[in-house]
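# Structure at a glance
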Amino acid sequence: SSRTISLLSQLEKINSDSVLGESDSARYVTSKILHLVQSQEKTRKEMTSKGSTGIEVILFFSYGFIAVLHFIIMKCGGRRASVLVAKGGTQILLQLLLTASKDSPPNEELMVLLHTLLAKIGPKDKKIGMKARINGVLNVSLNLVKHNLQNHRLVLPCLQVLRVYSTNSVNAVSLGKNGVVELMFKIIGPFSKRNTSLMKVALDTLAALLKSKTNARRAVDRGYVQVLITIYVDWHRHDSRHRYMLIRKGVLQCIKSVTNIKLGRKAFIDANGMKILYNTSQECLAVRTLDPLVNTSSLIMRKCFPKNRLPLPTIKSAFHFQLPVIPASGPVAQLYNLPPDVDDVVDESDDNDDAETESEIETEIDDDKDQHFKNDDIETDINKLKPRQELGRPIEELKMYEQFFPELSENFQEWDLVSKEPKPFVSDANLSGPIVVPTASEE
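Here the structure is a predicted model, which means the values were calculated and not measured.

### Section: the environment of Ile-269
By the secondary structure assignment, Ile-269 is in helix α17 (residues 262–270). For Ile-269 and Gln-226, which are 43 residues apart along the polypeptide, the C-alpha to C-alpha distance reads 10.0 Å. Those residues in contact with Ile-269 that lie beyond four places of it in its chain are Met-274 and Cys-304.

### Re the packing of aromatic side chains
Under the criterion given, the structure shown has three aromatic pairs. When the ring of Phe-185 is compared with that of Tyr-224, the centres are 3.9 Å apart and the planes differ by 15 degrees; the resulting orientation is stacked. Linking Phe-185 in helix α12 (residues 180–188) with Tyr-224 in helix α15 (residues 224–238), this pair joins segments that are 39 residues apart in sequence. Look at Tyr-224 and you get buried, because its relative accessible area is 15%.

### A word on the nonpolar core
Counting residues in each nonpolar core, the largest one holds 80 residues, and the members touching the most others are Leu-159, Tyr-165, Met-184, Ile-188, Leu-206 and Phe-268. Leaving out residues up to four positions away in the same chain, Phe-268 has contacts with Val-225, Ile-229, Ile-255, Thr-259, Gly-273, Met-274, Leu-277, Ile-300 and Cys-304. Membership of the second largest hydrophobic core comes to five residues, among which are Leu-8, Val-29, Ile-33 and Leu-36.

### Description of a nonpolar patch on the surface
Taken together, the side chains of Leu-391, Ile-395, Leu-398, Met-400, Tyr-401, Phe-404, Phe-405 and Leu-408 define a hydrophobic patch exposed on the protein surface, amounting to about 870 Å² of accessible area. Tracing the backbone shows Phe-405 in the loop between α23 (395–398) and β1 (415–416). The exposure class assigned to Phe-405 is partly exposed, which follows from its relative accessible area of 44%.

The rules behind the values
- Residues numbered from 1 in each chain as written.
- Predicted model: local features only at pLDDT ≥ 70, side-chain atom pairs only at ≥ 80, totals over all residues.
- Heavy atoms only, no water.
- Helix = DSSP H or I, 4+ residues; strand = E, 2+ residues; numbered from the N terminus.
- Contact = heavy atoms within 4.5 Å.
- Phe/Tyr/Trp six-rings, centres within 6.5 Å; stacked < 30°, edge-to-face > 60°.
- Buried < 20%, exposed > 50% of the residue type's maximum accessible area, 1.4 Å probe, protein only.
- Core = buried A, V, L, I, M, F, W, Y, C linked by side-chain atoms within 4.5 Å.
- Patch = residues over 30% accessible without salt bridge, like charges linked within 9 Å, V, L, I, M, F, W, Y side chains within 5 Å.
- Areas by Shrake-Rupley, 256 points an atom, 1.4 Å probe, with all protein chains shown as cover.
- Salt bridge = Lys/Arg side-chain N within 4 Å of Asp/Glu carboxyl O.

Now the structure itself:
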């Protein structure tokens, strides 16, 4: 017990003196504490007891080093972030995040620094989503957002981390079950021009989450398709100077993601989305900077427009194909009797959604197994990539054609007309003296 107190006192002294250069002393003290914690149950209980300050000292010590890392990454950019990932920094930061989240209440400064670092190095680590799920920190950021909706300084880096997590489809399904979709709609609505940076990140996160068909169905069931269309119309009306084009595009990306499923397309049509996007796109055509909005709106409308088979007896077709004989009953007569706005093409795109999560998990496991062999099938040898030119017939059979193409095999030399013998070949390099051009009489 006295040994642990002594080591904690030394660590606290290093913290108070802010001597970060004494890395050897800090490493020695922390290694001794780690050894005691690993070997003695009594030490573990003492460190985590209610009146003990051991955890607080260690977290404060960690905060100092995390602050240094934060400064280095923010100032030096992506190259340093890649180095941190290569050294295993992602795993350490996730473990620190899990430890810090167990405090009640969590240290806000430490949480902001950790989430800022994770959001910065996240795109450099392709396995960060899987690492976060394995370490059990997937819901830490989500819970922080739930309990600190008004604290935008903390919510913004948490949303950035959630956006990184959501690129993993399995994580997106897991977060959706814990209410992340409903939470995002609390942040993006109703219309307000305050904290637009926060809303932009929330829209990007929501668009990534809605790529999961499970989350898209959850959004449709709760009527959020109508909410998205209303938000887009509000921004279109109030953004007269087109300063918030990225937010408007973010809303369209959410609509594009949710309309990937059949229920989403039906909800979009029922909410009069076709007419709304068509009218707003017509108003955006005069401004070239709004072309991304027009392009995304066109993709959504093309995807959601009802599909019909030929022949089309309705006004929707520019051509009218009349069958010579139409039976009084049967499938063709049923198609002809459908109303003009009915989609008569069977949409089976969502029939296999039940196995979505399982297939995604299996795909991720297979990717982990094959990550060391993912480039083995790519040929990089230029000589092997060149096509081989092979003769269609043996060379012996081709010799019979030599007489027709003597220029390919004969050794042509200049012929002396006087001696009737070939002249010796003389190159330009062997000529000494001026070259004399013969006159017409000499020729």
